[in-house]
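One letter stands for each residue in the lines below.
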There are 2 protein chains.
Amino acid sequence: MPEHVKTPDPARRSERSRQAILTAATELVSEVGYQKLTIEGVASRAGVGKQTIYRWWPDKGAVVLDAYLALTNADAGLTFPTTDDLEADLRLVLTSTVGQLADASFARFYRSLLTAIQNDEKLARQLNERLLGPWLEATKERLRVAVRAGEIADADLDAAVDLFYGSFYYRWLLRTGPLSTEYCDSVVALLLRALRP
Amino acid sequence: MPEHVKTPDPARRSERSRQAILTAATELVSEVGYQKLTIEGVASRAGVGKQTIYRWWPDKGAVVLDAYLALTNADAGLTFPTTDDLEADLRLVLTSTVGQLADASFARFYRSLLTAIQNDEKLARQLNERLLGPWLEATKERLRVAVRAGEIADADLDAAVDLFYGSFYYRWLLRTGPLSTEYCDSVVALLLRALRP
């Protein structure tokens, strides 16, 4: 078929709608918060019908989580940095998160999502199954590589990953202090001291 | 004056009203959440007028924080356990918190307060000034005692206290896993490894 003859391409149109929906969901969570977001509002901003959204997603939690995964590039798969320098890998993960949270719009989005899971067990489960669980597992796998290489001791890695991320989230969610790259360095240094053989 | 002649005792009546207000605030945060609580609702449940509340507290954040401090006995002063056994002192603090959070009504109260500070900078500041800040300071002071005794190294204590509490709050707020006394043991063991001289 000659190239200049335009025919509808349902797959491409679908992908365009999907992207518009995820963008609308991202913007609305940042602007009004997860709790006030409605499927109607997302549909209206994305320029699609409500039924288009419900064809792909069962509820707003599922749309927003897909939006979050797309935003953090986690939809392409969760891979923890694995070079031959454990300390650098750990620092990279924390400093990247500091960088993301410096974006006020991203920070509002993520804070709103974490606020919503306090009263929404189903959303909490979805977030854990789709993001937090796999990410904690990827982190533990990185630490297991280090255990096998004799770089760190064979410690309780469940508690270790909580120490690693927890310090960071504690400061951010309880708003007890600023996040900085120096802070990331301190956390990584203490964690490595805790784990050294 | 003969004892059987009852006279009004304004101080005692004030204290009764104050207690009734704090109890009403505690119950309402657990039942409807911080955000839906109103001064009118507290006044009505406590059987006092709104003006009585405003005479003692400038806003609902201040009432609820006083209720929280009374609930956790923190109004009597924040003292970190300081025996000659650092590990036992640290474990006691975490396991006490696990015990408190096992009370569903207390857990709802505290979760609601921490949810509210995500969108309320003023409340976040009040919580930090009146509770979290002094408590982190008390924790660092306990660690300084251990540094002076040569039990732990002179590490970055700001990061150390965040590791200590953070792991715990991470698991609770991000709902990634259960809290247990075994978990407290693991966290304390890792922290002490990180801090040993």
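It should be emphasised that the depicted structure is a prediction, and the values quoted were computed from it without experimental measurement. (Residues numbered from 1 in each chain as written. Chains lettered and ligands numbered in written order. Predicted model: local features only at pLDDT ≥ 70, side-chain atom pairs only at ≥ 80, totals over all residues. Heavy atoms only, no water.)

### Examining the interface of chain B and chain A
Size of an interface, as often reported, equals the accessible area lost when the parts are brought together. To be explicit about the condition: What makes two residues a contact is simply this: any of their non-hydrogen atoms within 4.5 Å. When two parts are brought into contact, each loses some accessible area as probed by a 1.4 Å sphere; the total of that loss over both is the buried area. Between Lys or Arg on one side and Asp or Glu on the other, a salt bridge is scored when a side-chain nitrogen of the former is within 4 Å of a carboxyl oxygen of the latter. Residues adjacent in sequence count toward polar contacts only when both atoms are side-chain atoms; beyond that, a polar contact is any pair of N or O atoms within 3.5 Å, and within protein one must be able to donate a hydrogen and the other to accept it. Runs of E in the DSSP output that reach at least two residues are strands. Runs of H or I that reach at least four are helices, and both are numbered from the N terminus.
Taken together, the contacts link 39 residues of chain B with 39 residues of chain A. Summed over both sides, the interface between chain B and chain A buries roughly 3,500 Å², with carbon and sulfur atoms accounting for 60% of that surface. Looking at the side of chain B facing chain A, the largest losses of area belong to B:Q118, B:Y170 and B:L190, adding up to 20% of the total buried there. Run the count over chain B and chain A and you get 4 salt bridges. With a closest N to O distance of 2.7 Å, B:R171 and A:D162 form a salt bridge. The interface formed by chain B and chain A contains 24 residue pairs in polar contact (both at pLDDT 80 or more). Contributions of two or more residues to the side of chain B that touches chain A are made by α6 (104-116), α7 (121-148), α8 (157-173) and α9 (181-195) of chain B.

### A look at the packing of aromatic side chains
For any pair of aromatic rings, geometry is given as the distance between the ring centres together with the angle between the planes. As a reminder of what qualifies: Working definition: a ring pair exists when centres of Phe, Tyr or Trp rings (six-membered ring for Trp) sit within 6.5 Å. Plane angles under 30 degrees give stacked, over 60 give edge-to-face, the rest tilted. Both a distance and an angle decide whether a charge sits over a ring: NZ of Lys or CZ of Arg must be within 6 Å of the ring centre and within 35 degrees of the ring normal.
Inspection of the entire model under this criterion finds 24 aromatic pairs over all chains. Seen in terms of ring centroids, A:F168 and A:Y169 are 6.1 Å apart; in terms of plane orientation they differ by 70°. Their pairing is edge-to-face. Relative to B:W172, the ring of B:Y110 has its centre 5.8 Å away and its plane inclined at 20°; by these criteria the two rings are stacked. Separated by 62 residues along the polypeptide, B:Y110 in helix α6 and B:W172 in helix α8 bring together distant segments of the chain. Taken together, A:Y68, A:F106, A:F109, A:Y110, A:F164, A:Y165, A:F168, A:Y169, A:W172 and B:Y170 form an aromatic cluster joined through their ring pairs. When the ring centre of A:Y34 is taken as origin, the NZ or CZ atom of A:K60, which lies over that ring, is 4.5 Å away. Seen from the ring of A:Y183, A:R171 lies directly overhead, with NZ or CZ sitting 3.8 Å from the centre.

### Some thoughts on the domain arrangement of chain A
All names here are of chain A. Formally: Residue ranges for the domains trace back to a domain assignment, done automatically or taken from a database. In this classification, Asp, Glu, Lys and Arg are treated as charged, Ala, Val, Leu, Ile, Met, Phe, Trp, Tyr, Cys and Pro as nonpolar, and every other residue, Gly included, as polar.
Partitioning chain A into domains gives domain 1 (10-64) and domain 2 (78-195). For domain 1 and domain 2, the distance between their C-alpha centres works out to 28 Å. Taken together, the contact pairs 11 residues of domain 1 with 12 residues of domain 2. For the domain 1 and domain 2 pair, buried surface summed over both sides reaches about 870 Å², with 54% attributable to carbon and sulfur atoms. Counting every contact that joins domain 1 to domain 2 gives 1 salt bridge. For D59, the salt bridge is made with K122, and the minimal N-O distance between the two is 2.7 Å. Counting the contacts that link domain 1 with domain 2 gives 4 residue pairs in polar contact (both at pLDDT 80 or more). Those elements that provide at least two residues to the side of domain 1 that touches domain 2 are α1 (10-32) and α4 (60-71). In terms of residue class, the side of domain 1 that touches domain 2 is made up of 5 nonpolar, 5 polar and 1 charged.

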